[in-house]
Amino acid sequence: MVKLDRICREANVMLIFARSYGLTGLVRISVKEHAVIESKPDHFLDDLRLNNPWPELRGFAEAIDLNVQDPVAHKHIPYVVILVKMADEWIKSHGGSLPSTREEKREFKELLKARMVAMDEDNYKEAIDASFKVFAPRGISSDLQQIIIDSCAEVASNSSDFWVMVAALKEFIANEGGGEAPLEGSIPDMTSSTEHYVNLQKIYQAKSEADFLVIEKRVRNILKKIGRDPNSIPKATIKSFCKNARKLKVCRYRLIEDEYNNPSLPELQKYLTDEDYSIAVGFYILLRAVDRYAANFNSFPGQFDGGMDEDISRLKTTAVGLLNDFGCNGLTLTEDLINEMCRFGAAELHAVAAFIGGIASQEVIKLITKQFVPMSGTYVFNGIDHKSQLLSLY
Amino acid sequence: MADAAPPSKSRDLDKLLLRPGNLVGPSFEPGVQLRDDLQEYAKVLVVGAGGLGCELLKDLALSGFKNLEVIDMDRIEVTNLNRQFLFRLEDVGKPKAEVAAKRVMERVSGVNIVPHFCRIEDKDIEFYSDFNIIALGLDSIEARSYINAVACSFLEYDSDDNPREETMKPMVDGGTEGFKGHARVIVPGVTPCFECTIWLFPPQVKFPLCTLAETPRNAAHCIEYAHLIKWDEVHSGKAFDPDNPDHMKWVYDEAVKRAELFGIQGVTYSLTQGVVKNIIPAIASTNAIISAACALETLKIASGCSKTLSNYLTYNGVEGLHTKVTEFVKDKDCLVCGPGVLVELDTTVTLQKFIDMLEEHPKLLMSKASITYRGKNLYMQAPPVLEEMTRSNLSLPLYDLMDKVPKDILHVTGTINKDNKKSSGLRKLRVIFKGIDGVTDMDMAGGA
């Protein structure tokens, strides 16, 4: 495994290990760096900028009168408009800041409630539910912050397209963005008249487009600066990058060799003493142990019928030696688990192989399509009670 | 002295079945007998021959099971081919169950798979009682509910209200949706059944009528307007059939018109199908993972070669990889896997009167009920032949039809009318006849 890993890493070939052994197995990706633009997370907050509206959004909100007499119109004002206006009112009467203490947030919600003229005004209910978006801190997430301060963001002629765009993003955030990433541009559904909603959509789309054009310009300038053809990154790629800027992910994986020589001790210790996951991490250790065993004795423990007792005792010695090498002196694996590993005798069960294969193939698809976030760490399968675990051993 | 015997085909499986262990199931008896029994006597039913079903059949056939049956009412469609790997282009139009069975038998020697091209409701309860384990690869709540009721109907309780082990019919249920999935083990009487945990399912997204009718904002609203409102206005009386391409095209055209009217973008034919059919894209890898987990559990339950999943595994592969095991607890008042809905009757009540009562019974709300007692059809609503044969029982006292026992279990199938929804269902009833000698207060202690 170590040798193959080195070769692939040299040649920049993505490698994924999948192993099926009795009722256990593992999956481990080994890639130097994998950047994901289209991470498509399950739940991600929309980009409404209620805590930091730009002039056109403000203007749109200003032009709408919350105190309109017609009850139908009153309950079809979208909550975005309500919140932008109410937030502005608050700022004016609170020395330029948004609600920050618990008391203030509660007060803000009361102000919203007070504006309801009937019980069935869904738009106001939505505004109250969404008011947390007004209180949210401005600026970018810590995840994105980590990416833009990464050393790879200092680009040179051999930098990948991704990092070139990150460099442009960094500049944008520090300048035109005013601390914010480019606007995503879409808005969630909300109670509203069709007219208001469609117009609101256009406002968001326009800003998103404007932000994109700025970033595109910066990308082309950076490309020129590092000696590359300024048009070498397609418009569509930059557009997708902007839309997904808040959700970028960079995955890096240590060499197998490094994991083998220096696994994260705290991680191992944490799970070896965990009621639920000690089996999974026990299997991880034993999978390494059986390899060492095979190197010493030319077969896997329990591979052949007969001599089981001797195999068990040899495997135990090997496992203890391995744990000592990790510096986990004093931590042990249960006798039952060691026996079980010998019982497996390196058998490959179809159902287990199918499960592991399914997991590995899913990760391959993510890596190749560069969509969705691949798993980080080493996945250890526990087919006894399915309490499998993803170990971050680096 | 080694002889030239060919290596056993089940060399790898043998290690788990022939060798004793310490982390095994409670009644595990390792040995050649176990392996042979698994092949000769173990019967597993796979419900569904689609994304999960194909994988399940393959996995089970390659895990030492030789007697499998599969039931699926659908025919193969082109859109199935990206993951229902047992099917090829030339199979489009053929019954899934039949093609799946044939293909697996071609590839795995010694396995026998009996296909059933029909609805699960078309089989009577006796059919299901034949199997040791039922593995589910279904895609709807209703179907799961039905099979769950069937499996739980076999469950009997003793006089101390403890479930009797020999009447437990284990099920393994898998489900997938995009990158997410679950695998669970249901042992009626021990683990929660499907109904016990029905609250796990989030309610379906329904748009408010006023949004569809007056203030649509996005493409989905326009599509649902055409599908749910405009269709009935124009085609009153004719049911909308989502599998009819002409119907779907009509909905799409109307949705486009509405979208244009309101200045809304994004209506496409593909989105129309997705919204109307509530389609969530399926991926082969998730199906492979979940089915593999289910097949593994089936093997463990049948052989005892290891402990089993207890009792619900969730899988999420969107961001990285997350699996989690939750041990849900059985609802002791469950109408389906509990001791049965208690019904007290006079010995004079006729079968007809009893059937009428079921409609009003607050815990049942069942109309058009068919009644079976210990495998005997007391009254069947359909097919006409059986209806005619059993019609004469309607005027007889139920007490007589039940061989004059003071109390016993009855199974009723019919249409359940709950929350304005109709679904076919099966329920277990504990019938107690009032005033019969031998029925003491203690027997009634369980209560419904």
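Residues numbered from 1 in each chain as written. Chains lettered and ligands numbered in written order. Predicted model: local features only at pLDDT ≥ 70, side-chain atom pairs only at ≥ 80, totals over all residues. Heavy atoms only, no water.

### Focus: the packing of helix α10 (residues 194-225) of chain A against helix α11 (residues 235-243) of chain A
Residues and elements named next belong to chain A. We apply this condition: Here the axes come from fitting lines to C-alpha atoms, over the contacting stretch only for helices, and the angles between their N-to-C directions go from 0 to 180 degrees. In this description a helix means any DSSP run of H or I spanning at least four residues, a strand means any run of E spanning at least two, and both kinds are numbered starting from the N terminus. Note on terminology: angles under 35 degrees are roughly parallel, angles over 145 are roughly antiparallel, angles of 65 to 115 are roughly perpendicular, and the others are oblique. Crossings are classed by handedness, with left-handed meaning an anticlockwise turn of the near helix from the far one by less than a right angle and right-handed meaning a clockwise turn. When checking whether two residues touch, look at their non-hydrogen atoms; a contact exists if any pair is within 4.5 Å. The nonpolar class holds Ala, Val, Leu, Ile, Met, Phe, Trp, Tyr, Cys and Pro. Asp, Glu, Lys and Arg form the charged class, and all remaining residues, Gly among them, are polar.
Taken N-terminus to C-terminus, the directions of α10 and α11 make an angle of 120°; their axes are 10 Å apart at the nearest point. Of the possible angle classes, the one that applies to α10 and α11 is oblique. For the element pair α10 and α11, the recorded crossing hand is right-handed. For the pair α10 and α11, contact is made by Ser208, Glu209, Phe212, Ile215, Glu216, Val219 and Arg220 and by Lys235, Ile238, Lys239, Cys242 and Lys243, respectively. Looking at the contact of α10 with α11 residue by residue, the classes come out as five nonpolar, one polar and six charged.

### Some points on the UniProt feature "active site" (unreviewed entry) in chain B
Residues and elements named next belong to chain B. Put simply, the rule reads: UniProt positions are given in the numbering used here, feature names are shortened, and annotations may be inferred rather than shown by experiment. Note on classification: 1.4 Å probe, protein chains only; a residue is buried when its accessible area is under 20% of the maximum for its type, exposed when over 50%, partly exposed between these limits.
Here the UniProt-annotated "active site" (unreviewed entry) positions come out as Cys210. Among the secondary structure elements, cysteine 210 is positioned in helix α7 (residues 209-213). Residue classification places cysteine 210 among the partly exposed positions, given a relative accessible area of 46%.

### Examining the domain arrangement of chain B
Residue and element names in this part refer to chain B. Using the following cut-off: These domain limits were set by an automatic method or by a database of domain assignments. Accessible area, probed at 1.4 Å, shrinks when two parts are joined; the buried area is that loss added up over both. Salt bridges are identified by distance alone: a Lys or Arg side-chain nitrogen within 4 Å of an Asp or Glu carboxyl oxygen.
Domain parsing of chain B yields domain 1 (42-202 + 283-326), domain 2 (209-276) and domain 3 (341-441). The straight-line distance from the C-alpha centre of domain 1 to that of domain 3 is 30 Å. Contact with domain 1, which involves 13 residues of that partner, is made by twelve residues of domain 3. For the pair domain 1 and domain 3, the summed buried area comes to about 920 Å², and 55% of that belongs to carbon and sulfur atoms. Of all residues in domain 1, the largest losses of buried area upon contact with domain 3 belong to Ile125, Tyr146 and Ser153, amounting jointly to 40% of the total for that side. There are zero salt bridges connecting domain 1 and domain 3. Elements supplying a minimum of two residues to the side of domain 1 that touches domain 3: α5 (125-129) and α6 (141-153). In terms of residue count, the dominant contributor to the side of domain 1 that touches domain 3 is α6 (six residues). By residue class, the composition of the side of domain 1 that touches domain 3 is seven nonpolar, one polar and five charged.

### Comments concerning the interface of chain A and chain B
Taken together, the contact between chain A and chain B spans 56 residues of the former and 52 residues of the latter. Between chain A and chain B lies a buried interface of about 4100 Å² when both sides are counted; carbon and sulfur atoms form 58% of it. A per-residue breakdown of the area chain A buries against chain B is headed by A:Arg343, A:Gln362 and A:His386, which together make up 18% of the total. Remark: the boundary between chain A and chain B carries three salt bridges. B:Arg217 is the salt-bridge partner of A:Asp189, the closest N and O atoms lying 2.5 Å from each other. For the side of chain A that touches chain B, the element with the highest residue contribution is helix α17 (residues 350-369) of chain A, accounting for twelve residues. Looking at the side of chain A that touches chain B, its residues break down into 27 nonpolar, 16 polar and 13 charged.

### Let's talk about helix α9 (residues 245-262) of chain B
All names here are of chain B. For the record, the criterion: Helix span is expected to be 1.5 Å times the residue number reduced by one. The arc under discussion is defined with respect to the helix axis, by the directions toward the C-beta atoms. Throughout this description, a polar contact denotes any pair of N or O atoms lying within 3.5 Å of each other; where both atoms belong to protein, one of them has to be capable of donating a hydrogen while the other can accept it, and for residues adjacent in sequence the pair is counted only when both atoms sit in side chains.
Between the first and last C-alpha of α9 there are 26 Å, a value that for 18 residues agrees with the 26 Å anticipated at 1.5 Å per step. Listed in full, the buried residues belonging to α9 are His247, Met248, Trp250, Val251, Glu254, Ala255, Arg258 and Ala259. The buried residues of α9 occupy an angular sector of 165° when the element is viewed end-on, so they sit on one face. For α9, the exposed residues lying more than 90 degrees away from the buried face are Pro245, Asp246, Lys257 and Glu260. Considering only its buried residues, α9 is in contact with α7, α8 (219-234) and α10 (269-277). For α9, the capping residue at the N-terminal end is asparagine 244, with a side-chain oxygen 2.8 Å from the backbone nitrogen of aspartate 246. Phi for glycine 263, located one or two positions after α9, is positive at around 70°.

### Comments concerning the pattern of salt bridges
Residues and elements named next belong to chain A. Applying the stated criterion across every chain yields a total of 55 salt bridges over all chains. Across the pair lysine 387 and aspartate 276 runs a salt bridge, and its minimum N-O distance is 3.2 Å. Pair noted here: lysine 387 is in the loop between β5 (378-382) and β6 (389-391) and aspartate 276 is in the loop between α13 (265-272) and α14 (278-297), with a separation of 111 residues, a long-range link. For lysine 387, a relative accessible area of 23% translates into the label partly exposed. Residues joined by salt bridges that share partners form a network here, namely Asp47, Arg49, Glu180 and Arg246.

### Side note on the packing of aromatic side chains
The geometry of an aromatic ring pair comes down to the distance between the two centres and the angle between the two planes. Quick reminder of the rule: Centre distance within 6.5 Å is the pairing criterion for rings of Phe, Tyr and Trp, where only the six-membered ring of Trp is used; planes under 30 degrees apart are then read as stacked, over 60 as edge-to-face, and the remainder as tilted. A ring is scored as having a charge over it whenever the NZ atom of a lysine or the CZ atom of an arginine sits within 6 Å of its centre and within 35 degrees of its normal.
Within this structure, the stated rule accounts for 19 aromatic pairs over all chains. Linked through ring pairs, A:Trp90, A:Phe108 and A:Phe135 together constitute an aromatic cluster. Of note, B:Lys43 hangs over the ring of B:Phe131, and the distance from its end group to the ring centre comes to 5.2 Å.

### Focus on the sheet that holds strand β8 (residues 322-326) of chain B
Residues and elements named next belong to chain B. Heads up, the rule is: Pairing between two strands is assigned when DSSP locates at least 2 bridges connecting them.
Sheet architecture is open: eight strands sit in the order β3-β2-β1-β4-β5-β6-β7-β8, paired in mixed fashion. The open sheet is flanked by β3 (112-116) and β8, the only strands paired with a single partner. If you compare each strand with its neighbour and ignore which way they point, the axes differ by 15° on average. As judged from the five bridges shared by strand β7 (residues 312-316) and β8, these two strands associate in the antiparallel manner. Across the sheet, the residue bridging to asparagine 316 is histidine 322, located in β8. Of the strands in this sheet, β2 (67-71) and β3 touch helix α4 (residues 96-107), which is tilted by about 170° from β3.

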